[in-house]
Amino acid sequence: MIMSARLRHRRPAYSGRWEAARLSPVVLTVLIAVLAFSTPREIAISRLLPAAPALAAAMWPVFPTMLLGALCLLLMTVLSLFYTDLGTQYTSAAIVAVTLAAAYGSHVRLQREEVLFQLRLVADAAQKVLLRPLPRRIEDLEIESLYLAAQEQARIGGDFYEALGTPYGVRLLIGDVRGKGLSAVGVASAVIGSFREAAYDEPDLQGIIHRLETTVTRHSAAFPAQDQPEHFATALLAEIPPEGGHIRFLNCGHPPPLIAHCGKVRVLDPTVPSPPLNLASLIGDRYWVDSVAFSPGDQLLLYTDGVSETRDHAGRFFPLPDWMRLQDLEQPRELLGTLHRDLLRHSGGRLDDDIAALALRRSDVEDRGVADVEG
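Residues numbered from 1 in each chain as written. Predicted model: local features only at pLDDT ≥ 70, side-chain atom pairs only at ≥ 80, totals over all residues. Heavy atoms only, no water.

Engineer: Could you clarify how one ought to interpret the overall build of the protein chain in this entry?
Structural biologist: In terms of helices and strands, the protein chain carries 12 helices and 11 strands. Long-range pairs, those at least 24 residues apart, make up 71% of the contacts in the protein chain between residues at least 6 apart in sequence. Carbon and sulfur atoms provide 59% of the accessible area of the protein chain, an area that totals close to 19000 Å². (Helix = DSSP H or I, 4+ residues; strand = E, 2+ residues; numbered from the N terminus. Contact = heavy atoms within 4.5 Å. Areas by Shrake-Rupley, 256 points an atom, 1.4 Å probe, with all protein chains shown as cover.)

Engineer: What's the story with the nonpolar core in this structure? I'm lost.
Structural biologist: In summary, soluble globular proteins display a tendency toward joint burial of nonpolar side chains. Core analysis: the biggest nonpolar cluster contains 53 residues, and Leu212, Leu237, Phe249, Leu300 and Leu302 have the highest contact counts within it. With near-sequence residues (within four places) excluded, leucine 300 lies in contact with Ile247, Phe249, Pro257, Leu258, Ile259, Leu268, Phe294, Leu358, Ala359 and Leu360. Grouped together as the second largest cluster of nonpolar side chains are 21 residues, Leu146, Leu148, Ala260 and Leu351 included. (Core = buried A, V, L, I, M, F, W, Y, C linked by side-chain atoms within 4.5 Å. Buried < 20%, exposed > 50% of the residue type's maximum accessible area, 1.4 Å probe, protein only.)

Engineer: What's the story with the packing of aromatic side chains in this structure? I'm lost.
Structural biologist: The description of an aromatic ring pair uses the distance of the two centres, along with the angle that the planes make with each other. Summed over the entire model, instances satisfying the criterion amount to 2 aromatic pairs. Ring plane angle 80 degrees and centroid distance 5.9 Å describe the contact between phenylalanine 37 and phenylalanine 82, whose orientation is recorded as edge-to-face. Residue phenylalanine 37 is located in helix α2 (residues 24-38), and its partner phenylalanine 82 is located in helix α4 (residues 62-82); the two are separated by 45 residues in the primary sequence. By relative accessible area, which is 36% here, phenylalanine 37 ends up partly exposed. Phenylalanine 82 sits in the exposed class, given a relative accessible area of 59%. Relative to tryptophan 323, the ring of phenylalanine 318 has its centre 6.1 Å away and its plane inclined at 50 degrees; by these criteria the two rings are tilted. (Phe/Tyr/Trp six-rings, centres within 6.5 Å; stacked < 30°, edge-to-face > 60°.)

Engineer: Please clarify how the sheet that holds strand β1 (residues 137-138) should be interpreted in this entry.
Structural biologist: As a general point, the strands of a sheet are linked pairwise by backbone hydrogen bonds and lie either parallel or antiparallel. Ordered in space as β1-β2-β11-β10-β7-β8, the 6 strands form an open sheet in which the pairing is antiparallel. Here the strands that pair on one side only, and so sit at the sheet edges, are β1 and β8 (264-267). As paired strands, strand β10 (residues 299-303) and strand β11 (residues 355-362) are joined by 5 bridges and run antiparallel to one another. Residue pairing for β11: leucine 301 is matched across the bridge by alanine 359. On the sheet, helix α11 (residues 332-347) packs against β2 (141-148), β10 and β11 and is oriented at approximately 20 degrees with respect to β2. (Pairing = 2+ DSSP bridges. Axes fitted to C-alpha atoms, helices over the stretch in contact; angles between N-to-C directions.)

Engineer: How should the pattern of salt bridges be read in this particular structure?
Structural biologist: It is possible for side chains bearing opposite charge to pair when their charged atoms get close. According to the stated counting rule, one finds 16 salt bridges in the structure shown. In this structure, arginine 333 engages glutamate 144 in a salt bridge whose closest nitrogen and oxygen atoms are separated by 3.3 Å. Remark: glutamate 144 occurs in strand β2 and arginine 333 occurs in helix α11; sequence separation between them is 189 residues. Between glutamate 239 and arginine 171 there is a salt bridge; the shortest N-O distance is 2.7 Å. Highlighted residues: glutamate 239 in strand β5 (residues 233-240) and arginine 171 in strand β4 (residues 169-177), separated in sequence by 68 residues. The buried category is assigned to arginine 171, whose relative accessible area is 0%. (Salt bridge = Lys/Arg side-chain N within 4 Å of Asp/Glu carboxyl O.)

Engineer: Would you mind showing me how to read unusual backbone geometry here?
Structural biologist: Peptide bonds are trans in most cases, and residues, glycine excluded, mostly fall at negative phi. In this structure, glutamate 139 takes a positive phi of about 55 degrees despite not being glycine. Here glutamate 139 lies in the loop between β1 and β2. Within the chain, asparagine 278 stands out as a residue other than glycine whose phi angle is a positive 80 degrees. Within the secondary structure layout, asparagine 278 lies in the loop between β8 and α8 (280-283).

Engineer: Any chance you could explain the environment of phenylalanine 317 here in plain terms?
Structural biologist: For phenylalanine 317, the position within the fold is in the loop between α9 (305-308) and α10 (320-326). On the basis of relative accessibility, which here comes to 43%, the residue phenylalanine 317 falls in the partly exposed class. Taking the C-alpha atoms as reference, phenylalanine 317 lies 9.0 Å from valine 307; in sequence the two are 10 residues apart.

Engineer: Explanation requested: the sheet that holds strand β6 (residues 245-252) in the structure shown.
Structural biologist: Pairing within the open sheet is antiparallel, and its 5 strands lie in the order β3-β4-β5-β6-β9. The two strands at the open ends of the sheet, each matched to only one other strand, are β3 (159-166) and β9 (289-294). Averaged over all neighbouring strand pairs, the angle between strand axes comes to 15 degrees, with direction disregarded. In terms of strand pairing, β3 meets β4 through 8 bridges, oriented antiparallel. Each residue of the ladder has a partner; that of glycine 165, found in β4, is valine 170. Running over the sheet, helix α7 (residues 205-222) touches β4, β5, β6 and β9 and is turned about 30 degrees from β6.

Engineer: Just to check I follow, could you spell out α4 for this structure?
Structural biologist: Given 3.6 residues per helical turn, the α-helix brings residues three or four places apart onto the same face. For α4, with 21 residues, the first-to-last C-alpha span of 31 Å sits near the 30 Å given by 1.5 Å per residue. Along α4, the residues classified as buried are Thr65, Leu68, Gly69, Cys72, Met76, Leu79 and Ser80. The buried residues of α4 occupy an angular sector of 130 degrees when the element is viewed end-on, so they sit on one face. Within α4, the exposed residues directed more than 90 degrees away from the buried face are Phe63, Leu67, Leu74 and Leu81. (Expected span 1.5 Å × (residues − 1). Arc of directions from axis to C-beta.)

Engineer: Which parts of the structure should I look at to understand the environment of proline 40?
Structural biologist: Assignment of secondary structure puts proline 40 in the loop between α2 and α3 (51-56). Put simply, proline 40 and tyrosine 83 are 43 residues apart on the chain and 10.0 Å apart in space, counted from C-alpha to C-alpha.

Engineer: Help me understand the side chain of serine 106, please; the structure alone is not making it clear to me.
Structural biologist: Locating serine 106 in the fold gives a position in helix α5 (residues 88-130). Since its relative accessible area comes to 0%, serine 106 is described here as buried. Only 3.4 Å separates the side chain of serine 106 from the backbone nitrogen of valine 62, close enough to count as a polar contact. In this structure serine 106 touches Ala57, Trp60, Pro61, Val62 and Thr65, once residues within four positions along its chain are discounted. (Polar contact = N/O pair within 3.5 Å; in protein donor to acceptor, adjacent residues only side chain to side chain.)

Written out as structure tokens, the structure reads:
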């Protein structure tokens, strides 16, 4: 799974800027010292020395912050040997007071960072339960997943997916809950849990979708959201039967998947739209299953609207079908890696919505032989 790829992609530039910023208290101290020695004493640049430890508290640990304060105090003492009318005692007292306050502020900041780090560990564990790593291969299908949170600090969102090998074939789910935050995460968790049970029990996709519909309805009643009248989610179910040769879809208001076949890309719009989850009581509960050919070597891309609705600086959407046509029939992992890179390039490195995607490729005879040898 390529969940942390975005962080790895952006880390070098960010890390370089952060390391440079961490040196800013030292740079400020040196600059004030140079100006204090080189400017007339009437300007009293030395009175700015307390600003250096105050700045250090925002990015340094306690001891280095206090050490910088001691250095500023030493500089002030040296300056007083050359200029006796600088008000050394007042500036020195200010340096001591600011340094002590900065050290305490640094201590509080480090405690909060530790709490935040522990919360992120919990969020990472929760995400692994909600969006557990998918197997790289189920039967003759190669599978890869991609998840990107819109906010870099976030670990969990309302997008979800799952892939299971069942007695009825390989069954896939991808969806997107309306809204954000813990409310959306709760709905996504309920839907995935229900799918993991229903995929093994129900003989057809309509049975699965009825189970998911019931789950979201009950969850919405048990945990009403304050910021919206009810929960609902788009979802796409797919099934590749054991005999292969075709793939079945049930699309409940979700963006249509793409399939690459013999160098051509087809957008798999549903023949008859099916209602999103938890809206069947309002617009009807008719569910339509489509079937398309799925031959060896074909590649399938399932995605949430965060992919197709990624905008550039001019407000243009990411041209996903055209982008797919330009790709060679790469392995799923390579395809999603390229998609991730091009989405960030298109958006200027900033995503406005969570992104989830599944790429599948049906292995041909040669690929199966290689896999058997490696196994």
